[in-house]
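Residue strings, one per chain:
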Amino acid sequence: MAKEQTWVNEAWAKSLDKTLRNAARIGAGFPHASKGGVYELAEPSWWTAGFWPGMLWLLYNESGREELRSLAEECESKLDSVLDAYVRLDHDLGFMWTLTSVASYKLTGSEVSRVRAMKAANYLAARFNLKGRYIRAWNPWRDGERNEGQAIIDCCMNMPLLFWASRTSGDPRYAHIAEAHMETVLRYFIRADGSVYHIVNFDPATGEMLEGMGGQGYAAESAWSRGTAWAIYGLTLAYRHTGQLDYLSAAQRVANFFLSRLPEDNVPAWDFRAPEELRSLRDSSAGSCAASGLLLLAAKSEDGDAGVYRAAGERILKSLYEAYGAWDNPAEEGLLLHGTSNYPQGTNIDVSLIYGDYYFVEGLARLKGGGPFYWE
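Computed from a predicted model, the values in this text were never measured in an experiment. (Residues numbered from 1 in each chain as written. Predicted model: local features only at pLDDT ≥ 70, side-chain atom pairs only at ≥ 80, totals over all residues. Heavy atoms only, no water.)

## What about the pairing of strand β6 (residues 199–202)?
Phase 1: A two-sided burial pattern is seen for β6, the buried positions comprising Ile199 and Asn201 on one face and Val200 and Phe202 on the other.
Phase 2: The pairing of β6 with strand β7 (residues 209–213) spans four bridges and is classified as antiparallel. When the bridges of β7 are listed, Asn201 appears paired with Glu211.
Phase 3: Hairpin connection of β6 to β7: six residues between the antiparallel strands, including Gly207 at a positive phi of 85 degrees. (Buried < 20%, exposed > 50% of the residue type's maximum accessible area, 1.4 Å probe, protein only. Helix = DSSP H or I, 4+ residues; strand = E, 2+ residues; numbered from the N terminus. Pairing = 2+ DSSP bridges.)

Structure below.
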């Protein structure tokens, strides 16, 4: 255990050091993907806007470095323009405001942050399709685009905002919506072998399930690894918030599928069912997200299973630290190398991704016994 803790502490110290150096340039910006070693800063409306401030909060919570807190709070304030304008909001409200306003409220008790997070939860709840019992994913960003029937596996990670809103406000309706969406995930997204669809398309008028779609995976019936990670973590969080055993059982089934298909170094290919010649392309962000989810799953599982999931989460994080880290590379701002954002669209392939960095730091915090964790 002492030897294990040594590498965890080293990884944490290097993550803090690199983040402090990056903060001198990034400031209260919104990094997304690394281009030529430099994090490209996205608009505040982009879905990854919460991950940099979320990571700042994680590192602040142990280090007490006030400059990290100040930047996180400044990022949160910048998101007001998105929240108040409304038109750029979609299902990713949970990613954005759980890691900013909910984090701030949990750590500082800020009433302003609580109100922001409640406003975001109301907008997210308003995306619920009653007939299909799902949270609608994207908006139509192009003329003629019709996607009002689409729900995605990523949205499992947005449901904690609704569970938090019910707990904070005392109003059960937010949790009812989150549970209805997660029941739809159980019914339509999770295959018998534990693999998952990225997108499921419904008839938005009747709620009938029309088709499963490949999305960012190789094909409709393939197994996109980051989608698998979203499911492991999101289903475990649904169990954490509700105590419903169906969610725990599904999370374990998906986790077992994920772990059975890892390569020797424990970092997943971007799609487990992509053709063999494409499986050498890894996604470190899928690995870090799954690892943090596995550590939570271990905490919620019976003793025998708990040991399996905790050991797996540790192995993934240690491999990321030792073989995928850019700790000694001043020409690369990312913490982790070899992320794959969207292979089918050819965007951000084999680069550092801010959400990969975030989940890596969060996983380390779980190993260190830190917290609180904003999704919970």
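## A short note on the packing of aromatic side chains
Phase 1: Summed over the entire model, instances satisfying the criterion amount to 27 aromatic pairs.
Phase 2: The interplanar angle of 90 degrees and the centroid separation of 5.4 Å between the aromatic rings of Phe258 and Phe272 together place this pair among those described as edge-to-face. Here Phe272 lies in the loop between α10 (245–260) and α11 (284–300) and Phe258 lies in helix α10, a separation of 14 residues in the sequence.
Phase 3: Every member of this aromatic cluster is reached through a ring pair, and the members are Trp47, Phe51, Phe95, Trp230, Tyr233, Tyr355, Tyr358, Tyr359 and Trp375.
Phase 4: Positioned over the ring face of Tyr197 is Arg191, at 4.1 Å from the centre of the ring.
Phase 5: Of note, Arg366 hangs over the ring of Phe373, and the distance from its end group to the ring centre comes to 4.1 Å. (Phe/Tyr/Trp six-rings, centres within 6.5 Å; stacked < 30°, edge-to-face > 60°. Lys NZ or Arg CZ within 6 Å of the ring centre and 35° of its normal.)

## Here we look at the side chain of Ser15
Phase 1: In this fold, Ser15 is placed in helix α1 (residues 2–26).
Phase 2: Within the structure, Ser15 has its side chain in polar contact with the backbone oxygen of Ala11 (distance 2.8 Å).
Phase 3: Every residue in contact with Ser15, bar those within four places of it in the chain, is listed here: Leu59, Trp327, Leu335, Phe360, Val361 and Leu364. (Polar contact = N/O pair within 3.5 Å; in protein donor to acceptor, adjacent residues only side chain to side chain. Contact = heavy atoms within 4.5 Å.)

## A word on the sheet that holds β6
Phase 1: Strands sit in the order β5-β6-β7 across an open sheet of three strands; the sheet is antiparallel. Sheet topology places β5 (150–152) and β7 at the edges, where each strand pairs with a single neighbour. Ignoring strand direction, the axes of neighbouring strands in this sheet form an average angle of 25 degrees.
Phase 2: Direction of pairing for β5 relative to β6: antiparallel, over a ladder of three bridges. Across the sheet, the residue bridging to Ile152 is Ile199, located in β6.
Phase 3: The strands that helix α8 (residues 173–189) touches are β5, β6 and β7; relative to β6, the one it contacts most, it runs at about 100 degrees. (Axes fitted to C-alpha atoms, helices over the stretch in contact; angles between N-to-C directions.)

## Let's talk about the pattern of salt bridges
Phase 1: Per the stated rule, a full pass over the model turns up 21 salt bridges.
Phase 2: Among the ionic pairs, Arg114 bridges to Glu111, the shortest N-O distance being 2.7 Å. Taken together, the residues span about one helical turn, with Arg114 and Glu111 both in helix α6 (residues 111–125) at a distance of three residues.
Phase 3: Take Arg114: its relative accessible area is 22%, and that puts it in the partly exposed class.
Phase 4: When the shortest N-O distance is used, the salt bridge between Glu145 and Arg142 registers 3.6 Å.
Phase 5: Residue classification places Glu145 among the partly exposed residues on the basis of a relative accessible area of 25%.
Phase 6: In this structure Arg142 comes out as exposed when scored by relative accessible area, which is 59%.
Phase 7: One connected set of salt bridges, linked through shared partners, spans Glu76, Asp80 and Arg116. (Salt bridge = Lys/Arg side-chain N within 4 Å of Asp/Glu carboxyl O.)

## Focus: the environment of Glu40
Phase 1: With respect to the helices, strands and loops of the structure, Glu40 is situated in strand β2 (residues 38–41).
Phase 2: The partly exposed category is assigned to Glu40, whose relative accessible area is 37%.
Phase 3: Sequence separation of Glu40 and Thr19 is 21 residues, and the distance between their C-alpha atoms is 15 Å.
Phase 4: Residues within four places of Glu40 in sequence aside, it is in contact with Phe30, Pro31, His32, Ala33 and Lys35.

## Concerning α10
Phase 1: Between its first and last C-alpha atoms α10 spans 22 Å; for 16 residues at 1.5 Å apiece the expected length is 22 Å, and the two agree.
Phase 2: Among the residues of α10, those classed as buried are Tyr247, Leu248, Ala250, Ala251, Gln252, Val254, Ala255, Phe257 and Phe258.
Phase 3: In this fold, the buried residues of α10 make contact with α8, α9 (225–242), α11 and α12 (303–323). (Expected span 1.5 Å × (residues − 1).)

## Re the packing of α10 against α11
Phase 1: One can describe the packing of α10 onto α11 by two numbers: an axis separation of 11 Å at closest approach and a directional angle of 135 degrees. Classified by the angle between their axes, α10 and α11 sit oblique to one another. For the crossing formed where α10 meets α11, the hand is left-handed. Where α10 abuts α11, its residues Leu248, Ala251, Gln252, Ala255, Phe258 and Leu259 lie against Ala286, Ala290, Leu294, Leu297 and Lys300.
Phase 2: Residues of the contact of α10 with α11, tallied by class, amount to nine nonpolar, one polar and one charged. (Parallel < 35°, antiparallel > 145°, perpendicular 65-115°, else oblique. Left-handed = near helix turned anticlockwise from the far one by under 90°. Nonpolar A, V, L, I, M, F, W, Y, C, P; charged D, E, K, R; others polar.)

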